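The primary structure of each chain is shown beneath.
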Amino acid sequence: MSQPWAASAPQPPSAPVPPGPLPRLRDPMWQRGHTVLVVLLFITAAIGVVGVCFFAITSGDAAGSGLSLLYAVLPLPAMLGCFFWLDRYEPEPWHYKLAAVVWGGVVSVAIALVAQILISETFDLSDEALATFIAPVTEEPAKCLFLVLTFLRMRRVIDGLVDGLVLAGLVGLGFAFVENVVYYAGAYVGIDETGVDGPAATTVTFVLRGIMSPFAHPMFTAAFGIAVGLSVHQRSKALRGLIWGVGLFGSMLLHGIWNGGVSYLGGTGFLLAYGFTGLLLAGTIVLAVLARRDQGRYLVRALTDIARRGWLVADEIPYIASLAYRRKAVKHAKLHGGKTSAKATKRYQRDAITMAFLYAGVMDRQPKPQAPQRVDAFLAEMRVLRPYVVLPPPLRFSYAGASAYGGPPGGARPYAGGTPYGASPQAPSAYPPNTPYGARPRYPAPPAGPSSPDIPPHAPRQQPPPGPRSPEPRG
């Protein structure tokens, strides 16, 4: 995405960072019961490690167990890197991404395994029928249940299509990891009907599953992830349920086509299914890249309008919205303000990004739960963090046209005459000592009650630290 920013000559900061560590701040994203869920997450992960080791041991000896685990782990770094790259504009909390992987590798495996055992003992079905019809209808709902629970408890985490793709892909990745261990161990002892066993059979299975089709399970679940991402902006529960149903059916259908091609048509079926799913994967990748690009533009547009309202200094936008400038800002903060400043800068960027997406949802008439109060809370936390933030000199950048949201609060509809950037704000003579300062115009559906110029009405009781507050000068 091209950015309308150009670098100016570097200048050193003029004011030191306040002494001492960062003040303790209450995370505006924190929900009741969060600690219990984190503890359960690590307990479940430990159970998963034991289960993976058990499946690896079924290979019969230490060499087979080690080879099965090695082949299962090899694709993980590259695949995790893909999903983390996709999630860079508005990174989700690490514990939610870890929870997605753990759910896929432990909970969904357990649910699907129990369901398949009960069905196979109740009905006399062939292996082909179990793989083609039973596996998809037991495994995909078990994986997709994580996104449903995440949406119901923490709707604020899933903002759109990118978030749905990321969480669904990580769930599928966790499931595929455990399933691969089982398949590699089975190939080592020769139960996969290839006619060979030992390291050669495991290597052949690794080529088929770990190299040729590592994104199979993530892609199956991604169909439901896309549906959940699209449903975020739907107010009708019935329409949202319909979208979810279509997404779940798509996940099961893709899984069934993949398994059925191999089960009933052999090598030819594998090639046909591989070509079909390969085209779908290519389409999913294009969709993900386009959605990620639009997410970056959406962030710039929201931050620009926030700066016009005086809630944020416009010169800070590149160091929040641009991935490259984010890294430069953190490096600059560490060089001139130390580790404390670098930590504060990262958190300041994160708060501004989350606040901008919440604000944009309000302006688009699609607010998340308690969005105005949470915007106020993030702004209050940014005000406390700002004295510790040491940003590089301002960049020269330009705007185009009027506000993306159609003028002042209460004016035209959002995005009227939509242009990517809003009108240029009045350039302040110097950085405000604590950003954001000054009275803030109200946005639609404002909270009731009076508001002071510096502290938003719903902000937690947080105060800036004592000491110098003057940040760096303008360039």
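Residues numbered from 1 in each chain as written. Predicted model: local features only at pLDDT ≥ 70, side-chain atom pairs only at ≥ 80, totals over all residues. Heavy atoms only, no water.

*Asks:* Which residues make up the overall build of the chain, and what values go with them?
*Replies:* The secondary structure content of the chain amounts to twelve helices and two strands. Listing every helix and strand of the chain by position from the N terminus yields β-α-α-α-α-α-α-α-α-α-α-α-α-β. Relative to its full complement of 475 residues, the chain shows a buried share of 49%. Of all intrachain contacts in the chain linking residues separated by at least 6 positions in sequence, the fraction that spans at least 24 positions is 79%. Of the roughly 21,800 Å² of accessible surface on the chain, 67% is carried by carbon and sulfur atoms. (Helix = DSSP H or I, 4+ residues; strand = E, 2+ residues; numbered from the N terminus. Buried < 20%, exposed > 50% of the residue type's maximum accessible area, 1.4 Å probe, protein only. Contact = heavy atoms within 4.5 Å. Areas by Shrake-Rupley, 256 points an atom, 1.4 Å probe, with all protein chains shown as cover.)

*Asks:* An account of empty space enclosed by the protein is needed here, citing residue identities and associated values.
*Replies:* If you walk through the whole model with that rule in mind, you get five cavities of 30 Å³ or more. The calculated volume of the largest cavity comes to roughly 70 Å³. Of all the secondary-structure elements, those providing two or more residues to the lining of the largest cavity are α3 (76–86), α6 (161–189) and α7 (198–211). Ranked by the residues each element gives to the lining of the largest cavity, the list is headed by α6, at four residues. By residue class, the composition of the lining of the largest cavity is eight nonpolar, two polar and one charged. (1 Å grid on protein atoms, 1.4 Å probe; cavity = no way out; pocket = protein on both sides within 12 Å on 5 of 7 lines; lining within 4 Å. Points joined across faces, edges and corners; volume = space filled by probe spheres on them. Nonpolar A, V, L, I, M, F, W, Y, C, P; charged D, E, K, R; others polar.)

*Asks:* Lay out the packing of helix α5 (residues 127–153) against helix α9 (residues 237–308) in plain terms, naming residues and giving numbers.
*Replies:* Direction vectors running N to C along α5 and α9 enclose 150°, while the axes themselves pass 8 Å from each other. Like other packed secondary-structure pairs, α5 and α9 cross with a definite hand, here right-handed. Considering only residue class, the contact of α5 with α9 consists of 14 nonpolar, seven polar and four charged. (Axes fitted to C-alpha atoms, helices over the stretch in contact; angles between N-to-C directions. Left-handed = near helix turned anticlockwise from the far one by under 90°.)

*Asks:* Give me the lowdown on the packing of aromatic side chains, citing residues and values where you can.
*Replies:* The final tally for this structure, using the stated rule, is 13 aromatic pairs. Ring geometry for Tyr 71 and Phe 206: centres 4.4 Å apart, planes at 10°, overall stacked. In this pair, Tyr 71 sits in helix α2 (residues 62–73) while Phe 206 sits in helix α7, placing the two residues 135 residues apart along the sequence. Both residues of the pair, Tyr 71 and Phe 206, count as buried. What links up through ring pairs into an aromatic cluster is the set Tyr 71, Tyr 184 and Phe 206. Looking at Arg 386, its charged tip hangs above the ring of Tyr 348, at a distance of 5.8 Å from the centre. (Phe/Tyr/Trp six-rings, centres within 6.5 Å; stacked < 30°, edge-to-face > 60°. Lys NZ or Arg CZ within 6 Å of the ring centre and 35° of its normal.)

*Asks:* Any details on the environment of Tyr 319? Residues and values, ideally.
*Replies:* Counting through the fold element by element, Tyr 319 comes out in helix α10 (residues 318–321). Separated by 76 residues in the primary sequence, Tyr 319 and Leu 395 place their C-alpha atoms 9.2 Å from one another. Here Tyr 319 is in contact with Tyr 325, Arg 326, Ala 329, Gln 349, Leu 391, Pro 392, Pro 393 and Leu 395, once residues within four sequence places are set aside.

*Asks:* Give me the lowdown on the confidence of the model for the chain, citing residues and values where you can.
*Replies:* On average, the chain scores 77 in pLDDT, and the residues at 70 or more come to 75%. Within the model, pLDDT remains below 50 along residues 467–475, and this stretch shows 34 contacts once partners closer than five positions in the same chain are excluded. (pLDDT = per-residue confidence, 0-100.)

*Asks:* Please set out α6 residue by residue, giving values where relevant.
*Replies:* Relative to the 42 Å expected for 29 residues at 1.5 Å per residue, α6 spans 42 Å between its end C-alpha atoms, a close match to the ideal helical length. Counting buried positions along α6 yields 26 of 29 residues, so the element is predominantly enclosed. Downstream of α6 by one or two residues, Gly 190 has phi in the positive range, about 80°. (Expected span 1.5 Å × (residues − 1).)

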